[in-house]
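The residues making up each chain are set out below.
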Amino acid sequence: PPQKSVGIAYLFWLFGGFLGLHHLYLHRDRHAFLWWSSFGGFFGIGWASEIVLIPGYVRDANEDLRFIVKFLKKVEAYQKPPYAIKRLAGQVIVGYMYAQLWSAAIPQMPLGDIDMSFLHWGIPLCVSLGVWLVGNIGREQGVWWHCHLAAFVTYTSRFIFYEEFLTLLTTSVVATAVFNTFSKQWRSQPPRRGSPGGRSLKIGTAVVIYCALWTSFLYFNATTEDGNGKDIPVREALRDFWKTDWWPEWKTKLYDTYINCQRDGWFQTIKELLESEDDLEKDGDACKVLGVSTTASQAELTAAYRKLCKKFHPDKFKDAEQRAKAHQRFMGIQEAFNLLSKTKSSRRRRNKRYHDDPQTVF
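Fair warning: this is a prediction, and the values are worked out from it, not measured in the lab.

Peer 1: Would you mind going over the state of the cysteines with me for this structure?
Peer 2: Covalent bonding between the sulfur atoms of two cysteines defines a disulfide. Taken as a whole and judged by the stated rule, the model has 0 disulfides. In this model Cys147 remains outside any disulfide bridge; the closest cysteine sulfur is found in Cys126, 12 Å from its own.

Following this line, the structure appears as structure tokens:
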């Protein structure tokens, strides 16, 4: 086959390993999807462990003679692939993770007049697909229906445990055990390299289904807290966000940043953004001192400043210790007011200059 480079494989591993780009390069499509869907092999653990394995992957992809000889010795020594803790743990974790995602994606509220809870019977399918996917990576393979049947039968334990965690974990463990006992065998021939179109179709279909599950979870079931500490659906929070004044302001800022990048370059723009983050942090601290929101107008700032100045003016305190504390607080109030007033004045000048010359963006 066309020979692959260890150097290029390491580059893909370093800069796109969490997305499985190095496995795509080596035609290990199942491995690539697994890394992409599990955030780099369970949040980067699998990705980091591959730093010493990539040369072996490349020799396998190139059908290198040294790899073939070593592989044939394994086949002669073991009738079936021996048990490996890493692969067994991966099968259990991925099977559980896919099942958990499916469970989270099922709408908790009826859609129209249809109760969607019956979709929980798709959980055994997700468990078996996760177990089968991990079991068919590299030079090992196995049929799918064994672990699917085991997962379906074991899943009925949900009527015994009444606990989702125990049910999914037990189902994943049993499906893994059945796969490795009855299905697992050596892959004597290297996986057939499909055409770019065929590979893209298969991987794209899997990615669309996976993203659809996440979308269903975020739209129907995900919640967040509002300003009053109440849980509200994420879709309602987003809908409210589109209606606020923040969204047009964000769009304007994004457009201004794009114009800045074209004019000054990415490096200078990033530097200015970092400096503006420091300014925002200082402004936030100043707002806390005055007891106002970050969106307060100049009139609100002035009113809060005058009220605090009257309250903490040093001349109002007779005791020397209290007067010293009030003086320190009074100076902090003045500094906060001056900082925020300067920021708002600078912002008004920039806005005026922007409207006078639309091509100049600050």
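Peer 1: Got a minute to help me understand the pattern of salt bridges in this structure?
Peer 2: Side-chain pairing between opposite charges can occur once the charged atoms of the two side chains come close. The final tally for this structure, using the stated rule, is 6 salt bridges. The salt bridge involving Lys325 is made with Glu321; its shortest N-O contact spans 3.9 Å. Here Lys325 pairs with Glu321, and both are found in helix α18 (residues 320-356), just 4 residues apart, close to one helical turn. Taken individually, Lys325 and Glu321 each receive the classification exposed, so the pair is uniform in this respect.

Peer 1: What is the right way to read the packing of helix α9 (residues 123-135) against helix α12 (residues 164-183) from this model?
Peer 2: Packed helices, taken two at a time, are described by the angle their axes make and the gap between the axes. Viewed as axis vectors pointing N to C, α9 and α12 meet at an angle of 45°, and their least axial separation amounts to 10 Å. One way to sum up the angle between α9 and α12 is to call them oblique. In this structure, α9 crosses over α12, and the sense of that crossing is right-handed. The residues of α12 that touch α9, namely those facing Ile123, Val127, Val131, Trp132 and Gly135, are Leu168, Thr171, Ser172, Ala175, Thr176 and Phe179. Across the contact of α9 with α12, the residue classes break down as 7 nonpolar, 4 polar and no charged.

Peer 1: I'm lost on the nonpolar core in this one. Help?
Peer 2: Side chains that are nonpolar tend, in soluble globular proteins, to be buried together. Grouped together as the largest cluster of nonpolar side chains are 23 residues, with contacts concentrated most on Leu26, Leu34, Ile54 and Tyr98. Elements that contribute at least two residues to this core include exactly α1 (6-16), α3 (29-37), α6 (54-61), α8 (85-105), α9 and α13 (196-221). Considering every element that reaches this core, the biggest residue donor is α8, with 5 residues. Sequence-distant contacts of Leu34, defined by excluding residues within four places in its chain, comprise Val94, Tyr98, Leu133, Val134 and Ile137. By size, the runner-up hydrophobic cluster in this structure holds 16 residues, among which are Ala286, Leu290, Ala296 and Ala336.

Peer 1: Which parts of the structure should I look at to understand the environment of Asp115?
Peer 2: Here Asp115 shows up in the loop between α8 and α9. When the C-alpha atoms of Asp115 and Phe33 are compared, they prove to be 32 Å apart, with 82 residues separating the residues in sequence. Within the local environment of Asp115, its side chain forms a polar contact with the side chain of Ser117, the two groups lying 3.2 Å apart.

Peer 1: Explain the side chain of Ser183 here, please?
Peer 2: Secondary-structure assignment places Ser183 in helix α12. Setting aside anything within four residues of it in sequence, one finds Ser183 in contact with Gln141, Gly142, Val143, His146 and Val178.

Peer 1: Is there a simple way to think about a positive patch on the surface in this case?
Peer 2: The grouping of Lys307, Lys311, Lys316 and Arg329 at the surface amounts to a positive patch. Mapped onto the elements, Lys311 comes out in helix α17 (residues 298-312).

Peer 1: How should I be thinking about the packing of aromatic side chains in this particular structure?
Peer 2: The description of an aromatic ring pair uses the distance of the two centres, along with the angle that the planes make with each other. Under the defined criterion, the tally for this structure stands at 19 aromatic pairs. Residues Tyr305 and Phe337 carry aromatic rings whose centres are separated by 4.1 Å and whose planes lie at 15° to one another, so their mutual orientation is stacked. With a gap of 32 residues between them, Tyr305 in helix α17 and Phe337 in helix α18 connect regions that are remote in the sequence. Here Tyr305 matches Phe337 in class, with each residue buried. In textbook terms, an aromatic cluster arises when at least three aromatic residues are bridged by ring pairs, as seen for Tyr10, Trp13, Phe18 and Trp47. Looking at Arg28, its charged tip hangs above the ring of Tyr57, at a distance of 4.0 Å from the centre. Arg158 extends its terminal NZ or CZ atom over the ring of Phe159, reaching a point 5.3 Å from the ring centre.

Cut-offs used in this document
- Residues numbered from 1 in each chain as written.
- Predicted model: local features only at pLDDT ≥ 70, side-chain atom pairs only at ≥ 80, totals over all residues.
- Heavy atoms only, no water.
- Disulfide = S-S within 2.5 Å.
- Salt bridge = Lys/Arg side-chain N within 4 Å of Asp/Glu carboxyl O.
- Helix = DSSP H or I, 4+ residues; strand = E, 2+ residues; numbered from the N terminus.
- Buried < 20%, exposed > 50% of the residue type's maximum accessible area, 1.4 Å probe, protein only.
- Axes fitted to C-alpha atoms, helices over the stretch in contact; angles between N-to-C directions.
- Parallel < 35°, antiparallel > 145°, perpendicular 65-115°, else oblique.
- Left-handed = near helix turned anticlockwise from the far one by under 90°.
- Contact = heavy atoms within 4.5 Å.
- Nonpolar A, V, L, I, M, F, W, Y, C, P; charged D, E, K, R; others polar.
- Core = buried A, V, L, I, M, F, W, Y, C linked by side-chain atoms within 4.5 Å.
- Polar contact = N/O pair within 3.5 Å; in protein donor to acceptor, adjacent residues only side chain to side chain.
- Patch = residues over 30% accessible without salt bridge, like charges linked within 9 Å, V, L, I, M, F, W, Y side chains within 5 Å.
- Areas by Shrake-Rupley, 256 points an atom, 1.4 Å probe, with all protein chains shown as cover.
- Lys, Arg positive; Asp, Glu negative; His and termini not counted.
- Charge placed at Lys NZ, Arg CZ, Asp CG, Glu CD.
- Phe/Tyr/Trp six-rings, centres within 6.5 Å; stacked < 30°, edge-to-face > 60°.
- Lys NZ or Arg CZ within 6 Å of the ring centre and 35° of its normal.

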